[in-house]
Amino acid sequence: MLGAPEPEWAGTEMASTIEIDAMQRALSLATRAEAPTHPNPRVGAVVLDAAGSIVGEGFHRGAGTPHAEIEALRDAGPSASGATVVVSLEPCNHSGRTEPCTASLLQAGVSRVVFAQTDPNPVAAGGAEVLRGAGLSVEGGVLSERARELNPIWTLAMQRQRPFVTWKVAATVDGRVAASDGSSRWITGSSARAEVHALRAQVDAVVVGTGTVLEDDPQLTARDAEGQPIERQPLRVVVGHRSIPASAKVNDDSAETLHLPSHEPTEVLEELFARDVHHTLLEGGPTLAAAFVSAGAVDRVVGYTAPALLGDGASLLGPIGVASISDAVRFAFDDVSLVDGDLRWSGRLSDVPLFTEGAR
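Residues numbered from 1 in each chain as written. Predicted model: local features only at pLDDT ≥ 70, side-chain atom pairs only at ≥ 80, totals over all residues. Heavy atoms only, no water.

### Considerations on the overall build of the protein
Each helix and strand in the protein was counted, giving 10 helices and 13 strands. Taken over the C-alpha atoms alone, the protein extends approximately 75 × 45 × 35 Å along its principal axes. A burial count over the protein gives 49% of its 360 residues as buried. If you sum the accessible surface of the protein, you get close to 16,300 Å²; carbon and sulfur atoms cover 50% of it. Computing the positive centroid from 28 side-chain charges and the negative centroid from 46, the protein places the two 3 Å apart. (Helix = DSSP H or I, 4+ residues; strand = E, 2+ residues; numbered from the N terminus. Buried < 20%, exposed > 50% of the residue type's maximum accessible area, 1.4 Å probe, protein only. Areas by Shrake-Rupley, 256 points an atom, 1.4 Å probe, with all protein chains shown as cover. Lys, Arg positive; Asp, Glu negative; His and termini not counted. Charge placed at Lys NZ, Arg CZ, Asp CG, Glu CD.)

### Focus: the side chain of Glu69
As for its placement among the helices and strands, Glu69 is situated in helix α2 (residues 68-76). No salt bridge forms around the buried Glu69; measuring N to O, its nearest opposite-charge neighbour Arg74 is 11 Å away. For Glu69, the residues in contact, after removing those within four places along its chain, are Ala45, Val87, Leu89, Pro91, Cys92, Cys101 and Leu105. (Salt bridge = Lys/Arg side-chain N within 4 Å of Asp/Glu carboxyl O. Contact = heavy atoms within 4.5 Å.)

### Describing the nonpolar core
By size, the foremost hydrophobic cluster in this structure holds 28 residues, and its most contacted members are Val47, Leu73, Leu105 and Val110. Listing elements by their share of this core, those giving two or more residues are β1 (44-48), α2, β3 (84-89), α3 (101-108), β4 (112-117), α4 (127-133) and α6 (152-160). Ranked by the residues each element gives to this core, the list is headed by α2, at five residues. Discounting chain neighbours no more than four positions away, the residues touching Leu73 are Val47, Ala80, Val85, Ser104, Leu105, Ala108 and Val110. (Core = buried A, V, L, I, M, F, W, Y, C linked by side-chain atoms within 4.5 Å.)

### Brief notes about the pairing of strand β11 (residues 300-306)
Along β11, seven of the seven residues are buried, which leaves the element largely enclosed by surrounding structure. Burial along β11 is two-sided: the face carrying Arg300, Val302, Tyr304 and Ala306 and the face carrying Val301, Gly303 and Thr305 are both buried. In this sheet, β11 lies alongside strand β6 (residues 164-172) in parallel orientation, the contact comprising seven bridges. Counted as the bridge partner of Ala170 is Tyr304 from β11. (Pairing = 2+ DSSP bridges.)

### Observations regarding the pairing of strand β2 (residues 54-59)
As paired strands, β1 and β2 are joined by five bridges and run antiparallel to one another. Within the sheet, the bridge partner assigned to Val46 lies in β2 and is Glu57.

### Section: the pattern of salt bridges
Overall, the coordinates contain 15 salt bridges when judged by the stated rule. Across the salt bridge formed by Arg344 and Glu195, the nearest N and O atoms sit 2.5 Å from each other. Here Glu195 lies in helix α7 (residues 190-202) and Arg344 lies in strand β13 (residues 342-348), a separation of 149 residues in the sequence. Given the relative accessible area of 21%, Arg344 is considered partly exposed. Judged by relative accessible area, which is 25%, Glu195 ranks as partly exposed. Ionic pairing is found between Arg200 and Glu283, a salt bridge with its closest N-O pair at 2.7 Å.

### Some points on helix α1 (residues 17-30)
Relative to the 20 Å expected for 14 residues at 1.5 Å per residue, α1 spans 20 Å between its end C-alpha atoms, a close match to the ideal helical length. Looking at the buried positions of α1, the neighbouring elements they touch are β1, β2, β3, β4 and α5 (144-150). (Expected span 1.5 Å × (residues − 1).)

### Structural notes on the packing of aromatic side chains
Evaluation of the coordinates by the stated rule reveals three aromatic pairs. Measuring from ring centre to ring centre gives 5.4 Å for Phe331 and Phe333, while their planes differ by 75 degrees; the resulting arrangement is edge-to-face. Taking the centre distance of 5.9 Å and the plane angle of 20 degrees together, the rings of Phe331 and Trp345 count as stacked. On the criterion of sequence distance, the pair formed by Phe331 in the loop between β11 and β12 (332-339) and Trp345 in strand β13 is long-range, its members being 14 residues apart. (Phe/Tyr/Trp six-rings, centres within 6.5 Å; stacked < 30°, edge-to-face > 60°.)

### Points about the confidence of the model for the protein
On average, the protein scores 89 in pLDDT, and the residues at 70 or more come to 92%. This stretch, residues 353-360, has a pLDDT under 50; its non-local contacts, to residues over four places away or in other chains, come to 23 contacts. (pLDDT = per-residue confidence, 0-100.)

### So, the sheet that holds strand β10 (residues 279-282)
Strand order in the open sheet made by the eight strands is β9-β8-β7-β10-β6-β11-β13-β12, with mixed pairing throughout. With one partner strand each, in any of the chains shown, β9 (257-260) and β12 form the two edges of the open sheet. Within this sheet the neighbouring strands show an average axis-to-axis angle of 20 degrees, counted without direction. Two elements, β11 and β13, share six bridges in a ladder whose sense is antiparallel. Looking at the pairing, Val302 lines up with Ser346 of β13. Each of β6, β7 (205-209), β8 (235-239), β9 and β10 touches helix α9 (residues 265-274); the most contacted strand, β9, lies at about 145 degrees to it. (Axes fitted to C-alpha atoms, helices over the stretch in contact; angles between N-to-C directions.)

Put into structure tokens, the structure is as follows:
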């Protein structure tokens, strides 16, 4: 499973039943509809007084806003002194858009901190050790698996310091993404295409190669069920050295576009991660897909297979250096279902836990 092992000190002071119940509440707060999922993780926090009663609650409302612990401390007011703070993610020890949560917890005079998931971000990690060093009672790893399931995309991005990559592919039964004359619209039906728009709406960036832009001229925006553009659009990323004409649809004003003159997936992902991109949808052709698969930079595949045969034309994946069946790149299916007349399937190519629909 994804996630670093808990440090040795975790579990030395067993969480009480009341604290476990409070963690359940913190996890519930983290999933409220008002809790955004980009670019920061979903986090909830609860403050317990000495009698075990909840005197404060909070959840993170988005980048640049107070973290969940701070919201809960403010809600608790003076009651936070001597209290226990239960939070779904290890308190941060980093000054970024907000001050470190460790400093706020110490200033509030809390006596104990119970958290679920250890912070996988090397920049912000270490808060538990700071609090323990300051004399607080600290317990980590309480319902940690459930906490990690809240933010699987963010967790992988922080651990690997690169975006989570979902590769989307639409092909015929014989694995063709275009006919021999180059035509490719439309391989799948309207329902499958609508789902792709919903998938774009969940990610931070959509990546294609220059070849796709020059041949298909896609707009690469996300639209709702009525075909209207949604408010938050993913970053459109074009990879490759060839020039893109100013008249290309990816250059319109419906969304931001980034042209990266590179063929290296590692370079592309490093640049995107530096821009707070944590989830990337790879929609390029077989050459770009092969580059990402070969680099071990694909974490999940979402495929749509149309009940059609072409017999010739571009295949869904270019050469990846596999000469023998024993060297095949394999993955684990996590879903297979029908979408009108097309088959939808998905699977994982890395050690990423299953995540609920809409989780980013």
